[in-house]
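Inside the fold
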Amino acid sequence: MWLRPPRASREGPPLSQARIVEEAVALLDEQGIDGLTMRRLAERLGSGVTTLYWHVDTKDDVVDLALDAVFAHLQTPTGTPDPTRWREDIADLLHDWRAAMLRHPWSAALLQRPTLGPNLLARMEFLQATLVATGLSGARLTAATWTLYNYVMGATVARASHDLSDEDREAAQRRLHELRDRYPTLSAHEYMLKDDWEAAFTAGLGYVLNGIAADTGPAAR
C-alpha cells in the first residue's frame, strides 16, 4: 500500500492519505485500537466514510499506515554498519524505538501484524545488518535478532501497561512486607517500589548485549 499511487478523485475532496493517517494516529492516541472506526475517523476529518475509502481500501490499511507513521520521525543510521560500535548503534536504535512506542502506547500491540511498513523495515534492516557485521549468521543471527526485538517489545508493553499510582504501589509493597515470610526477597528489595523504568531498560539491554557479544567475532568484541 505504501507504493500505491494516490487516487485521483472525481469529487476532489479536501483529503489526502497523509491527512487521514495523521488523524488516525491522533485518534489511536486518544482512544486506542478499539476506538478507531472509519466512521469516527471520517467525523474527525469532516468527511464521509465513502470519501475515506477513496484514499484507503480498508480499515486495516489505515492501521498499517498509522503504525508505520509512528516510526517515520526516528533517525535510522544509514551506510555500512561499523562493527566496532555495534553495541552503541543497537542501543541507540532500541532506545528510540521504545520511546516512539511509549509516545503511542497502542503501537506496541500491533507490531505482530503481517504487513510491516518501510519505516519499521528500515530499522529491522539496520538491526540485522549491524548484527551481521559482528560476525553472526544463520541460527545465531536469528536468535540475536529476535532476542533484541522481544526485549524492546516486552519492556515497552510492560511500561505502557503499568499505570499504578504511588499509593497503589506503596500499598502493594506493604502487603509484601506483611507476607515477608513467604516472599522474603520481594519484601527485602522493595520490588513494588522500583519504578526507574529507563534505568532498568538500559541495564537490561546491557545484559542482552553482553550475551550477544560473547558470541560475536573478534573484531566486534
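Predicted model, so just to flag it, every value in this text is computed and none were measured. Every chain is numbered on its own, with residues counted from 1 as its sequence reads. At least 70 in pLDDT is required for a residue's local features to be given in this predicted model, at least 80 for side-chain atom pairs to be given and counted, and no such filter applies to totals for whole chains, interfaces and linings, which use all residues. Side-chain metrics in this entry use all non-hydrogen atoms of the structure; hydrogen atoms and water are not considered.

1. Comments concerning the overall build of the protein
To keep it simple, the criterion reads: Helical segments are the DSSP runs of H or I of at least four residues, strand segments are the runs of E of at least two, and each set is numbered from the N terminus. Restricting the calculation to C-alpha atoms gives the radius of gyration, and the globule rule supplies 2.2 Å times the number of residues raised to the power 0.38. Contacts between residues were defined by any pair of non-hydrogen atoms, one from each residue, lying within 4.5 Å. In short, Shrake-Rupley with a 1.4 Å probe defines the accessible areas, and a residue's cover is counted only from the protein chains shown.
Scanning the protein from N- to C-terminus turns up ten helices and zero strands. In the protein, the succession of helices and strands from N to C terminus is α-α-α-α-α-α-α-α-α-α. A compact globule built from 221 residues should have a C-alpha radius of gyration of about 17 Å, whereas the protein, at 22 Å, is more than 25% larger. On the principal axes, the C-alpha backbone points of the protein span a range of 70 × 50 × 25 Å. Intrachain contacts of the protein at a sequence separation of at least 6 include 71% that bridge at least 24 residues. For the protein, the accessible surface area stands at approximately 12,600 Å², while carbon and sulfur atoms represent 53% of it.

2. A look at the pattern of salt bridges
Put simply, the rule is: Salt bridge, as used here, is a side-chain nitrogen of Lys or Arg placed within 4 Å of a carboxyl oxygen of Asp or Glu. With a 1.4 Å probe rolled over the protein chains alone, any residue whose accessible area is under 20% of its type maximum counts as buried; one over 50% counts as exposed, and the rest are partly exposed.
On inspection of all chains with the given rule, the structure shows eight salt bridges. In this structure, E198 and R98 form a salt bridge, with 2.7 Å as the shortest nitrogen-oxygen distance. Within this pair, whereas E198 is found in helix 10 (residues 197-213), its partner R98 is found in helix 5 (residues 86-103), the two being separated by 100 residues in sequence. Owing to a relative accessible area of 41%, E198 belongs among the partly exposed residues under this scheme. The network of salt bridges with shared partners includes E23, E30 and R44.

3. Observations concerning the UniProt feature "DNA-binding region" (unreviewed entry) in the protein
Convention followed: UniProt positions are given in the numbering used here, feature names are shortened, and annotations may be inferred rather than shown by experiment.
The UniProt record annotates "DNA-binding region" (unreviewed entry) at residues 37-56. From the first C-alpha to the last, residues 37-56 spans 13 Å; its make-up is 70% helix and 0% strand.

4. Concerning helix 5
Put simply, the test is: Here a helix's expected span is defined as the number of its residues, less one, multiplied by 1.5 Å.
With 18 residues, helix 5 extends 26 Å from end C-alpha to end C-alpha; this agrees with the ideal 26 Å at 1.5 Å per step. All buried positions along helix 5 are accounted for by W86, D89, I90, A91, L93, L94, W97, R98, A100 and M101.

5. So, the packing of helix 5 against helix 7 (residues 138-161)
To be explicit about the condition: Helix axes are fitted only over the stretch in contact, all axes being lines through C-alpha atoms; the angle between N-to-C directions runs from 0 to 180 degrees. For a crossing to be left-handed, the near helix must be turned anticlockwise from the far one by less than a right angle; the clockwise case is right-handed. In this classification, Asp, Glu, Lys and Arg are treated as charged, Ala, Val, Leu, Ile, Met, Phe, Trp, Tyr, Cys and Pro as nonpolar, and every other residue, Gly included, as polar.
Orientation of helix 5 relative to helix 7, taken along the N-to-C sense of each, is 35°, at an axis distance of 10 Å. In terms of crossing hand, the pair formed by helix 5 and helix 7 is right-handed. Here helix 5 contributes I90, L94, W97, R98, M101 and L102 to the contact with helix 7, which in turn contributes L148, Y149, V152, M153, T156, R159 and A160. Residue composition of the contact of helix 5 with helix 7, by class: ten nonpolar, one polar and two charged.

6. Observations regarding a negative patch on the surface
Using the following cut-off: Nonpolar side chains (Val, Leu, Ile, Met, Phe, Trp, Tyr) are joined into patches within 5 Å and like charges within 9 Å, using only residues with over 30% relative accessible area and no salt bridge. In this tally, Asp and Glu contribute negative charge and Lys and Arg positive charge; neither His nor the terminal groups of the chain are included. Lys charges are placed at NZ, Arg charges at CZ, Asp charges at CG and Glu charges at CD.
A cluster of acidic residues, D163, E167, D168 and E170, forms a negative patch on the protein surface. With respect to the element layout, D163 can be found in the loop between helix 7 and helix 8 (166-178). Take D163: its relative accessible area is 66%, and that puts it in the exposed class.

7. Focus on the environment of A24
Residue position: A24 is located in helix 1 (residues 17-31). The buried category is assigned to A24, whose relative accessible area is 0%. Residues A24 and F126, spaced 102 residues apart in sequence, show a C-alpha to C-alpha distance of 28 Å. Sequence-distant contacts of A24, defined by excluding residues within four places in its chain, comprise L41, V62 and A66.

8. A closer look at helix 10
Helix length check: helix 10, at 17 residues, gives a terminal C-alpha distance of 24 Å against a target of 24 Å (1.5 Å per residue), a fit within 8%. Every buried residue of helix 10 is listed here: F201, G204, L205, G206, V208, L209, I212 and A213. Looking at the buried residues of helix 10, the elements they touch are helix 5, helix 6 (118-133) and helix 7.

9. Brief notes about the confidence of the model for the protein
Caution applies to low-pLDDT parts of the model: their predicted coordinates are not meant to be read in detail. For the record, the criterion: For every residue, the predictor states its confidence as a pLDDT score lying anywhere from 0 to 100.
Taken as a whole, the protein shows an average pLDDT of 86; of its residues, 91% reach a score of 70 or greater. Note on residues 8-13: pLDDT is under 50 here. Beyond four places in sequence and across chains, it has six contacts.

10. Remarks on the packing of aromatic side chains
Threshold: Aromatic pairing here means that ring centres of Phe, Tyr or Trp (its six-membered ring) are within 6.5 Å. Orientation follows from the plane angle: under 30 degrees is stacked, over 60 is edge-to-face, and everything else is tilted.
Scanning all chains against the criterion turns up four aromatic pairs. A centroid spacing of 6.3 Å and a plane angle of 85° characterise the contact between F71 and W97, whose relative ring orientation is edge-to-face. With F71 in the loop between helix 4 (59-70) and helix 5 and W97 in helix 5, this residue pair connects regions lying 26 residues apart in the sequence. What makes F71 buried here is its relative accessible area of 0%. Both rings, one in W97 and one in Y149, keep their centres 5.9 Å apart while their planes meet at 70°; by these two values the pair is edge-to-face. Taken together, the residues W97 in helix 5 and Y149 in helix 7 connect sequence positions 52 residues apart. Of the two residues examined, W97 and Y149, each falls in the buried class. Among the aromatic residues, those joined into a ring-pair cluster are F71, W97, W146 and Y149.

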